[in-house]
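Letter by letter, the chains look like this.
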Amino acid sequence: MSAKISSYETAEIRGPKLAFNLTPENCGRMLKRSKRLLVVVGGDALKMKIDDGVDVPEVAVRLARSLGGTIVASPGVFKAFQGVSAVKLINMGLEDAVNRLKDESWKGFDGMGGYDMAVFIGGLYYFQSMMLSTLKHFAPNQKTISLDRFYHPNATFSLENLTPDKWKAGLDAMLQLLEEKK
């Protein structure tokens, strides 16, 4: 945790527990250690391709394929995943996904058990922040990573505030690390 990192939203009120700052390379190493990965893609994902030059659905698919994860896409962005194969894909609102992650007795979308790591990317900042805050307070054992361009203090781990170029380069480096042969 770094004292120099501040949230993207200056009015965001957070508790004393802040997200640990990750570099994309460290994030890749951490994700490699996850046993069951859930990638949660928010409704702002398509806008990020236009604004920042990052194809968030492609990043989510490459991430899920390399680690055998499941993708939960919000209904507004789900059509971007049609035609994708070899990845378990769920069309669900983020509130429902977060409510399921809160439930300790939930067995996952495949009935094989809960997810040890949930990666959030492509959500509206203020909405995703509230979803991460919900998990921080009501599912303290659920590890979350925010791969968005802006620091999310309510995640367990988050990238720092990055320029679009640094964000894109960092995601590419992380995906190359994950896709390397073991």
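Above this text is the structure in question.
Keep in mind that what you see is a predicted model, and the values were worked out from it rather than measured.

S.K.: Could you give an account of helix 1 (residues 24-32), with specific residues and numbers?
M.R.: For helix 1, the set of buried residues is Pro-24, Cys-27, Gly-28, Met-30 and Leu-31. Projection of helix 1 onto a plane perpendicular to its axis shows the buried side chains occupying an angular sector of 165°, all on one side.

S.K.: Explain the packing of helix 4 (residues 94-102) against helix 5 (residues 125-138) residue by residue, including any values.
M.R.: Between helix 4 and helix 5, the least distance of the axes is 10 Å, while the angle of their chain directions is 10°. It follows that helix 4 is roughly parallel to helix 5 by the angle criterion. Contacts between helix 4 and helix 5 pair Leu-94, Glu-95, Val-98, Leu-101 and Lys-102 from the former with Phe-127, Met-131, Thr-134, Leu-135 and Phe-138 from the latter. Each residue belonging to the contact of helix 4 with helix 5 can be placed in one class, and the counts come to seven nonpolar, one polar and two charged.

S.K.: Talk me through the nonpolar core; I want residue IDs and the actual numbers.
M.R.: In terms of nonpolar packing, the biggest core is built from 36 residues, with Leu-31, Val-41, Leu-63, Ile-145 and Leu-147 touching the most fellow members. Counting only elements with at least two residues in this core, the list comes to helix 1, strand 2 (37-41), helix 2 (45-52), helix 3 (56-67), strand 3 (70-73), strand 5 (117-121), strand 7 (157-159) and helix 6 (164-179). No other element matches helix 3, which puts seven residues into this core. Judged by nonpolar contacts, the second largest core, of 22 residues, contains Val-72, Leu-101, Trp-106 and Tyr-115.

S.K.: So what's going on with the packing of aromatic side chains? Residues and values would help.
M.R.: One pass over the full model with this rule turns up five aromatic pairs. For the pair Trp-106 and Phe-109, a centre-to-centre distance of 4.9 Å together with 85° between the ring planes defines the contact as edge-to-face. Residue Trp-106 shares its accessibility class with Phe-109, and that shared class is buried. Centre to centre, the rings of Tyr-125 and Phe-150 are 6.4 Å apart; their planes meet at 80°, and the pair counts as edge-to-face. Placement of the pair is Tyr-125 in helix 5 and Phe-150 in the loop between strand 6 (143-146) and strand 7, with a sequence separation of 25 residues. The class of Tyr-125 is buried, set by a relative accessible area of 10%. Ring pairing ties together the aromatic residues Trp-106, Phe-109 and Tyr-115, which thus form one cluster.

S.K.: An account of empty space enclosed by the protein is needed here, citing residue identities and associated values.
M.R.: Summed over the entire model, instances satisfying the criterion amount to one cavity of 30 Å³ or more. Forming the boundary of the largest cavity are Lys-17, Leu-18, Ala-19, Phe-20, Lys-136, Ala-155 and Thr-156. By residue class, the composition of the lining of the largest cavity is four nonpolar, one polar and two charged.

Cut-offs and rules
- Residues numbered from 1 in each chain as written.
- Predicted model: local features only at pLDDT ≥ 70, side-chain atom pairs only at ≥ 80, totals over all residues.
- Heavy atoms only, no water.
- Buried < 20%, exposed > 50% of the residue type's maximum accessible area, 1.4 Å probe, protein only.
- Helix = DSSP H or I, 4+ residues; strand = E, 2+ residues; numbered from the N terminus.
- Arc of directions from axis to C-beta.
- Axes fitted to C-alpha atoms, helices over the stretch in contact; angles between N-to-C directions.
- Parallel < 35°, antiparallel > 145°, perpendicular 65-115°, else oblique.
- Contact = heavy atoms within 4.5 Å.
- Nonpolar A, V, L, I, M, F, W, Y, C, P; charged D, E, K, R; others polar.
- Core = buried A, V, L, I, M, F, W, Y, C linked by side-chain atoms within 4.5 Å.
- Phe/Tyr/Trp six-rings, centres within 6.5 Å; stacked < 30°, edge-to-face > 60°.
- 1 Å grid on protein atoms, 1.4 Å probe; cavity = no way out; pocket = protein on both sides within 12 Å on 5 of 7 lines; lining within 4 Å.
- Points joined across faces, edges and corners; volume = space filled by probe spheres on them.

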